[in-house]
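Structural characterization, general
Chain by chain, the residues:
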Amino acid sequence: MKKIKSKFKHLFISINTTLAIVFMAMIIATIEVIGAYFTRQLEQNSIENFQSSIQVPLIVTNQLSVQLLRDNKRANTNLNRIVSDYSNGTNTISEIIVVDNKDVIRAVSNLNDKSRIGQRVNNFLVKQVTSTGREATKVINDHMVQVTPLTGSNGSANTVGAIYVRASMQGVFNNLRNISFMFLVTSLIAAVMGAILSLVVSHAITKPIEEMQSQALNIADGDYSSQVKIYSNDELGQLGQSFNTLSVRIERSQEESESEQRRLDSVLSHMSDGVLATDRHGNVSVVNQMALNFLNTTKERIINKPIATVLGLKETSQDLISGQKGIVITLHAGTRDEVILHASFSLIKRVTGFVSGSVCVLHDITEQQKNENSQKQFVSNVSHELRTPLTSLHAYIETLNEGAWKDPQVAPQFLQVTQEETERMIRMINELLSLSRMDRGVSKVDLEWVNFNDFVAHILDRFDMIVKTDEKEGKKKYTIKRKLGTQALWVEIDTDKMAQVIDNIMNNAIKYSPDGGVIKVRLQQEQSRIILSIADQGLGIPREDLGKIFDRFYRVDKARARAQGGTGLGLAIAKEIVDAHHGQIWADSSESKGSIFYIALPYEPMSEGDDWDEV
Ligand code: ADP
């Protein structure tokens with residue numbers, strides 16, 4: 001910008017100076033042409049005037065002619081007298097010589113030259129006049145020499161002699177020199193005045209241009225606030241007005257394009273899809289935050305890079321943008337979970353059809369893909385889970401059918417297994433139905449306020465009964481210890497569903513514990529939640545399986561779990577129910593020492609003013 005400014009400044013100075021120089025040169029040239037013509041005319045006139053001023057009057061020449069015709073000594077005396085009389089009467093003539101037609105000097109004005117009388121004259125001009133009879137004038141140095149022929153007094157054209165007059169032109173030349181000097185001085189004054197005037201005029205012309213130039217630089221810097229001052233209504237004034245209108249229009253269109261840009265930026269930054277725009281070569285020129293998040297990169301790292309490289313694809317950028325088809329990209333960026341994106345490309349075309357770039361929209365389909373995958377997995381799991389018991393049922397029934405039903409040793413046992421497997425399948429199908437209801441949102445939680453302390457105690461009472469029955473029947477021996485506290489903890493829950501969750505965890509604790517184990521149930525209150533923990537001294541769960549036991553059909557030891565009558569759906573249902581209560585469920589375990597299951601539910605401690613009104 002500085003460079004442009006200095007260049008403009010230089011240009012501006014040049015115009016100003018050029019105008020002044022041109023103006024001054026024009027004045028000087030005009031003065032010189034006029035002056036040269038004037039002095040030439042003056043010189044010519046002065047010489048002509050001088051020439052006529054030294055012209056010897058006719059009366060004198062006639063007298064001289066008369067004397068020359070006499071040709072005697074007296075005549076010479078008369079000639080010298082006439083010449084000296086005439087010479088004394090003028091002050092410009094410095095010398096007069098009279099010659100006869102044989103070029104012999106007959107009279108002189110200077111007394112010192114008297115000796116020349118009677119001698120032949122050497123002067124070429126005199127000889128020319130006496131021979132031609134025509135007057136001749138010549139300027140020699142600062143003198144004018146005029147030779148006039150003398151003719152006979154009786155009117156004949158015969159030349160009787162000539163009169164040579166030499167006069168000093170010093171006065172004429174001095175005059176001319178003075179006039180020239182005055183002329184030079186006045187032309188210099190006129191030139192200087194012209195230069196000053198031209199500077200003023202050129203400044204007046206260039207000032208609005210200078211202002212427009214500085215305004216143009218301001219506009220280039222993005223400052224549209226100032227306006228060019230209008231000095232007149234002439235072409236420059238109109239130019240200034242047009243300039244102001246132009247700057248207002250540029251400001252408006254700049255504002256419009258900026259607000260458009262802001263709108264676009266805000267749309268792009270609030271989009272849930274990633275957007276990348278490229279130039280026509282496929283290099284990234286615009287990118288929104290979402291795309292940067294998807295690609296786990298920064299703007300600086302991808303701007304001007306080929307889009308194919310940015311998306312980690314093997315195709316060339318040109319193929320990608322011209323193909324305009326959607327593609328699925330799986331990104332494994334750093335430590336992040338994999339991201340699956342659907343990238344669609346569209347070309348940006350001008351009205352002329354010229355392709356100026358392309359837009360790529362990245363849509364996150366990770367969740368969708370995961371859902372599809374888990375759905376496929378689920379269907380395959382269900383088929384597998386149903387096929388296994390059905391195959392064993394089929395085998396038992398086939399054996400019975402082949403005659404084993406008659407064997408009193410085998411038949412009851414086989415029928416027992418068949419019944420258990422059928423019950424397990426029914427249980428599994430019921431659980432699947434309940435999960436499907438929850439998935440579809442059909443099964444709503446039916447909330448009611450309960451004292452969670454009492455609620456858990458009631459469920460544990462039921463389990464105490466089971467413990468006793470189990471002991472009586474000689475099944476497993478285990479102890480349930482509770483630490484619930486006495487404080488009433490009021491929470492809003494679906495009692496049936498929450499009982500199902502606690503039942504499942506308690507049953508698992510019993511199922512996966514050996515004889516003589518202790519199951520500790522504890523209820524604690526934290527700031528804004530209550531936590532129920534159920535700890536057993538059973539098999540425990542390997543660390544790597546802890547995160548997966550809440551998945552559908554996931555079992556740590558499939559054969560063992562199945563033998564225990566498990567379906568692998570209990571904890572998945574428990575998680576769905578706890579989630580529906582806005583709570584959390586998780587497990588902790590150290591292998592072969594036991595597991596602890598935690599259920600946390602949101603809880604708001606009641607202040608004194610919140611006491612229930614007595615009904
Ligand atoms: P299941 O009907 O098989 O018990 P769950 O969903 O209730 O299905 O449990 C999933 C798996 O988690 C079980 O198969 C078992 O491997 C493991 N598990 C659950 N509770 C316990 C526990 N208290 N101790 C050890 N393993 C457990």
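Whatever comes next refers back to the structure up there.
This section reports on the structure supplied with the text. Everything quoted here is computed from the prediction, not taken from an experiment.

1. Let's talk about the overall build of the chain
For the chain, the count of helices and strands is 17 helices and 17 strands. Relative to the globule expectation of 25 Å for 615 residues, the C-alpha radius of gyration of the chain, 66 Å, shows a markedly less compact shape. Along the longest, intermediate and shortest principal axes, the C-alpha atoms of the chain span 210 × 70 × 40 Å. Relative to all contacts within the chain whose residues are 6 or more apart in sequence, the contacts with residues 24 or more apart total 59%.

2. Concerning unusual backbone geometry
Glycine aside, residues mostly have negative phi, and peptide bonds are mostly found in the trans state. The backbone of F553 sits at a positive phi, close to 70°, despite the residue not being glycine. Mapped onto the secondary structure, F553 falls in the loop between α15 (543-546) and α16 (558-563). The phi dihedral of H582 is positive, around 60°, even though this residue is not glycine. By the element assignment, H582 lies in the loop between α17 (570-580) and β16 (584-590).

3. Observations regarding the packing of helix α2 (residues 58-70) against helix α3 (residues 73-89)
In a pair of packed helices, the angle between the axes and the distance between the axes together describe the arrangement. At a closest axis distance of 8 Å, the pairing of α2 and α3 adopts a crossing angle of 165°. Taken together, the axes of α2 and α3 lie roughly antiparallel to each other. The two elements α2 and α3 meet at a crossing, and its hand is left-handed. Here α2 contributes V60, Q63, L64, Q67, L68 and R70 to the contact with α3, which in turn contributes A75, N78, L79, I82, V83 and Y86.

4. Regarding the pattern of salt bridges
Applying the stated rule across the entire model yields 16 salt bridges. Among the ionic pairs, D100 bridges to R106, the shortest N-O distance being 3.4 Å. Residue D100 is classed as buried on the basis of its relative accessible area, which comes to 9%. On the accessibility criterion, R106 (5% relative accessible area) is buried. Salt bridges sharing partners connect three or more residues here, namely E95, R116 and R166.

5. Quick word on the site of the ligand
In the vicinity of the ligand, 21 residues are found, and the nearest of them are N508, D536, R555, T567 and L571. The separation between a nitrogen atom of the ligand and a polar side-chain atom of D536 is 2.8 Å. Here G570 contributes a backbone N or O atom positioned 3.3 Å from an oxygen atom of the ligand. Burial of the ligand by the protein chains amounts to 97% of its free accessible area of 530 Å². Of all the secondary structure elements, the ones that give two or more residues to the shell around the ligand are α14 (495-511), α17 and β17 (594-602).

6. Here we look at the sheet that holds strand β2 (residues 105-108)
Taken in spatial order, the five strands of this open sheet run β2-β1-β5-β4-β3, and their pairing is antiparallel. At either end of the open sheet lies a strand with only one pairing partner, and these are β2 and β3 (136-140). Between one strand axis and the next, the sheet turns through 20° on average, direction left out of account. The pairing of strand β1 (residues 93-100) with strand β5 (residues 159-168) spans seven bridges and is antiparallel. For V98, the partnering residue across the bridge sits in β5 and is I163. Most of the contacts of α3 go to β2, to which it runs at about 40°, and overall it touches β1 and β2.

7. Remarks on the environment of G89
With respect to the helices and strands, G89 occurs in helix α3. Sequence separation of G89 and G35 is 54 residues, and the distance between their C-alpha atoms is 36 Å.

8. Here's the deal with the sheet that holds strand β10 (residues 355-364)
Across the sheet, five strands lie side by side as β7-β6-β10-β9-β8; this open sheet has antiparallel pairing. Two strands lie at the open edges of the sheet, namely β7 (284-287) and β8 (327-331), each paired on one side alone. The mean inter-strand angle of the sheet, taken between neighbouring strand axes irrespective of direction, is 30°. In this sheet, strand β9 (residues 339-349) lies alongside β8 in antiparallel orientation, the contact comprising five bridges. Note on β9: the bridge partner recorded for T330 is I340.

9. Observations concerning the side chain of H143
Here H143 shows up in strand β4 (residues 143-151). Using a relative accessible area of 19% as the deciding quantity, one classes H143 as buried. For H143, the side chain forms a polar contact with the side chain of R166, separated by 3.4 Å.

10. Description of a nonpolar patch on the surface
Where nonpolar side chains cluster on the molecular surface, the patch consists of L19, F23, L197, V201, I205 and I209 and spans about 450 Å² of accessible area. Counting only elements with at least two residues in the nonpolar patch, the list comes to α1 (2-53) and α5 (170-220). Per-element tally for the nonpolar patch: the top contributor is α5, with four residues. As for its placement among the helices and strands, I209 is situated in helix α5. The class of I209 is partly exposed, set by a relative accessible area of 35%.

11. Concerning the packing of aromatic side chains
Aromatic ring pairs are defined here through the distance separating the ring centres and the angle between the ring planes. Using the criterion set out here, one finds six aromatic pairs in the structure. Arranged with centres 5.0 Å apart and planes meeting at 15°, the rings of W586 and Y598 form a pair that is stacked. With W586 in strand β16 and Y598 in strand β17, the pair connects residues that are 12 residues apart, well separated along the chain.

12. Thoughts on the packing of helix α11 (residues 366-401) against helix α12 (residues 411-440)
For the pair α11 and α12, interaxial distance at closest approach is 10 Å and the crossing angle is 160°. For the element pair α11 / α12, the angle class is roughly antiparallel. In this structure, the crossing between α11 and α12 has a hand that is left-handed. Listed contacts from α12 to F378, V382, E385, L386, P389, L390, S392, L393, Y396, I397, T399 and L400 of α11 are A411, F414, L415, V417, T418, E421, T422, R424, M425, M428, I429 and L432. By residue class, the composition of the contact of α11 with α12 is 17 nonpolar, four polar and three charged.

13. A word on α14
The end-to-end C-alpha separation of α14 is 23 Å, in line with the 24 Å expected for 17 residues at 1.5 Å each. Of all 17 residues making up α14, 13 are buried, and the element is well covered by its neighbours. Put simply, D494 is the residue that caps the front of α14, since its side-chain oxygen is 3.3 Å from the backbone nitrogen of D496.

14. What about the environment of T130?
Relative to the elements of secondary structure, T130 occurs in helix α4 (residues 124-132). The buried category is assigned to T130, whose relative accessible area is 10%. Taking C-alpha positions, T130 is 79 Å from L239, a pair spaced 109 residues apart along the chain. For T130, the contacting residues outside a window of four places in its chain are V99, D100, D103, T159, G161 and A162. Reaching out from T130, the side chain makes a polar contact with the side chain of D103 at a distance of 2.6 Å.

Conventions we followed
- Residues numbered from 1 in each chain as written.
- Predicted model: local features only at pLDDT ≥ 70, side-chain atom pairs only at ≥ 80, totals over all residues.
- Heavy atoms only, no water.
- Helix = DSSP H or I, 4+ residues; strand = E, 2+ residues; numbered from the N terminus.
- Rg over C-alpha atoms; globule rule 2.2 N^0.38 Å.
- Contact = heavy atoms within 4.5 Å.
- Axes fitted to C-alpha atoms, helices over the stretch in contact; angles between N-to-C directions.
- Parallel < 35°, antiparallel > 145°, perpendicular 65-115°, else oblique.
- Left-handed = near helix turned anticlockwise from the far one by under 90°.
- Salt bridge = Lys/Arg side-chain N within 4 Å of Asp/Glu carboxyl O.
- Buried < 20%, exposed > 50% of the residue type's maximum accessible area, 1.4 Å probe, protein only.
- Near = heavy atom within 4 Å.
- Polar contact = N/O pair within 3.5 Å; in protein donor to acceptor, adjacent residues only side chain to side chain.
- Areas by Shrake-Rupley, 256 points an atom, 1.4 Å probe, with all protein chains shown as cover.
- Pairing = 2+ DSSP bridges.
- Patch = residues over 30% accessible without salt bridge, like charges linked within 9 Å, V, L, I, M, F, W, Y side chains within 5 Å.
- Phe/Tyr/Trp six-rings, centres within 6.5 Å; stacked < 30°, edge-to-face > 60°.
- Nonpolar A, V, L, I, M, F, W, Y, C, P; charged D, E, K, R; others polar.
- Expected span 1.5 Å × (residues − 1).

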